[in-house]
Amino acid sequence: MKRVLVFASASIALLCTAAGVELQNIEANARMLLAAARENAASGTTNLFPRTFVEGKVVFVDREDRCAGFFAGELWLLYELTGKDEWLAAAREWTEPLEPARNLSRTHDVGFILQTSFGNGLRLAGVDGYFDVLKDGAKALASRYSPRHGLIKSWDKWDTSPYTFPVIVDNMMNLELLCMAGALPTAVAHAKSVDRRHFRADGSVYHVLDYAADEPDIRGIYAGQGKSVDGAWARGQGWAVYGFTMMYRYSHDGVFLSRAVGMADWWLAHNRASDGVPPWDFADPFGPRDASAAAVVAAGLAELDHYSPNRGYRAEAERIVSTLASDAYLAKEGECGGFLLKHSTGNAPAGHEIDVPLIYADYYYLETLARLAK
Ligand code: GLY
């Protein structure tokens, strides 16, 4: 293993002070979640990875759950933010049990699972063998690509599925695995198709488009996790900001930068929440808030500001970080079983994970802190 990390500790300290973020509180909560995860693992369960906190209990999921990698990712980001060996060891401890996901080809979420864990491990610590896991995972993800559609199929059919060849905007996030592990052309092709076909005239993005099995004809547009087909699911808009910015980082293709800027400008124009944390869907302004959407978009804006400065992106990311550091959102030590942020919404139409902590909200919050310090 070689260390490839250059710590930005001084700037992180300054940033945290300016934004009112208490890293000590964050670390104390993370230690608590780590202890809970270890205790849970000792029971012999295969549901090892913390996802949310409901009715006083941490909910754990198995390694094929789309959220499985975020806990390891959180630990890697704590290593990045603090430089402490404690977090390096913990990050490896919770990354390596995910290794069998390198062959996971039945869902596009292999990207989320491996990039957040092994991807961050490679980026921050250059651990031997991690690139091979990412390469296999990229192969598994690329096996879902249809040249005829120019798209990766997001989900396989399940019993009650109305879809034939569904593609969801979240899939933009999974492309980073391809970009990191030698399959950039496939990622570019998918992102170009999404850029052409998945956006409304006003610049916002749909959640789910379904295509015909053998032809790139759109069979239907679905609300998915949004309020309605014509609404704008907040986290989906965030995935688009983040995903197209990330694609620009790897490809330097101006099409992706334009889309990221368009999406970010849409967000700034439509987010009327006085504290920066949007409702779960822009079409439900008084509905439950979604801190995860705020954290995802903040991470995207923090990066986009480097490519397209002076458009207010950094200021918005800083505003969100400060809001999320306030008592209204940041859990006091032990308040949420070790999760960091309150008030996220997972899947409102399904009545699932409403106004709860979510591991990916914590992940993107920490990633935003790390990005703002660069
Ligand atoms: N569909 C994944 C998400 O909730 O963002």
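Everything below is about the structure printed above this text.
Residues numbered from 1 in each chain as written. Predicted model: local features only at pLDDT ≥ 70, side-chain atom pairs only at ≥ 80, totals over all residues. Heavy atoms only, no water.

**Some points on the site of the ligand**
- Near the ligand you find R66, D170, Q225, W233, R235, W239 and Y360, and these make up its full shell.
- Between the ligand and the protein, one listed contact pairs a nitrogen atom with a side-chain N or O atom of Q225 at 2.6 Å.
- R235 places a side-chain nitrogen or oxygen 2.5 Å from an oxygen atom of the ligand.
- Against a free-state accessible area of 200 Å², the protein chains account for coverage of 95% of the ligand.
- Considering only residue class, the shell around the ligand consists of 3 nonpolar, 1 polar and 3 charged. (Near = heavy atom within 4 Å. Polar contact = N/O pair within 3.5 Å; in protein donor to acceptor, adjacent residues only side chain to side chain. Areas by Shrake-Rupley, 256 points an atom, 1.4 Å probe, with all protein chains shown as cover. Nonpolar A, V, L, I, M, F, W, Y, C, P; charged D, E, K, R; others polar.)

**A look at the packing of helix 10 (residues 254-270) against helix 11 (residues 291-307)**
- Contact geometry of helix 10 with helix 11 gives a least axis separation of 11 Å together with a crossing angle of 130°. By the angle between their directions, the pair helix 10 and helix 11 is classed as oblique. For the pair helix 10 and helix 11, the crossing hand works out as left-handed. In this structure, helix 10 uses L257, A260, V261, A264 and W267 to contact helix 11, whose residues at the interface are A293, V297, L301, L304 and Y307.
- Looking at the contact of helix 10 with helix 11 residue by residue, the classes come out as 10 nonpolar, no polar and no charged. (Axes fitted to C-alpha atoms, helices over the stretch in contact; angles between N-to-C directions. Helix = DSSP H or I, 4+ residues; strand = E, 2+ residues; numbered from the N terminus. Parallel < 35°, antiparallel > 145°, perpendicular 65-115°, else oblique. Left-handed = near helix turned anticlockwise from the far one by under 90°. Contact = heavy atoms within 4.5 Å.)

**Some points on the pattern of salt bridges**
- Under the defined criterion, the tally for this structure stands at 27 salt bridges.
- Two residues, E64 and R106, come together in a salt bridge whose shortest N-O distance is 3.0 Å. Note that E64 is positioned in the loop between strand 2 (57-61) and helix 3 (70-82) and R106 in the loop between helix 4 (85-95) and helix 5 (110-125), a separation of 42 residues in sequence.
- Note on E64: relative accessible area 36%, which makes it partly exposed. (Salt bridge = Lys/Arg side-chain N within 4 Å of Asp/Glu carboxyl O. Buried < 20%, exposed > 50% of the residue type's maximum accessible area, 1.4 Å probe, protein only.)

**Remarks on unusual backbone geometry**
- Located in the positive-phi region is E55, a residue other than glycine, with phi close to 50°.
- In this fold, E55 is placed in the loop between strand 1 (49-54) and strand 2.
- Notably, H252 is not glycine yet its phi reads approximately 55°, a positive angle.
- Relative to the assigned elements, H252 resides in the loop between helix 9 (234-251) and helix 10.
- Residue H252 is classed as exposed on the basis of its relative accessible area of 60%.

**A short note on the nonpolar core**
- Core analysis: the largest hydrophobic core is formed by 132 residues, its most contacted members being I26, M247, Y364 and Y365.
- Counting residues per element, this core draws most heavily on helix 11, which supplies 11 residues.
- If near-sequence neighbours (up to four positions away) are discounted, Y365 is found in contact with V21, I26, A295, V321, L324, A325, L330 and L341. (Core = buried A, V, L, I, M, F, W, Y, C linked by side-chain atoms within 4.5 Å.)

**Digging into the pairing of strand 9 (residues 352-356)**
- In the sheet, strand 8 (residues 344-347) pairs with strand 9 via 3 bridges, with the strands oriented antiparallel. Across the sheet, the residue bridging to T345 is I354, located in strand 9.
- Once strand 8 ends, the chain turns through 4 residues before running back antiparallel as strand 9, passing G351 with a positive phi of about 65°. (Pairing = 2+ DSSP bridges.)

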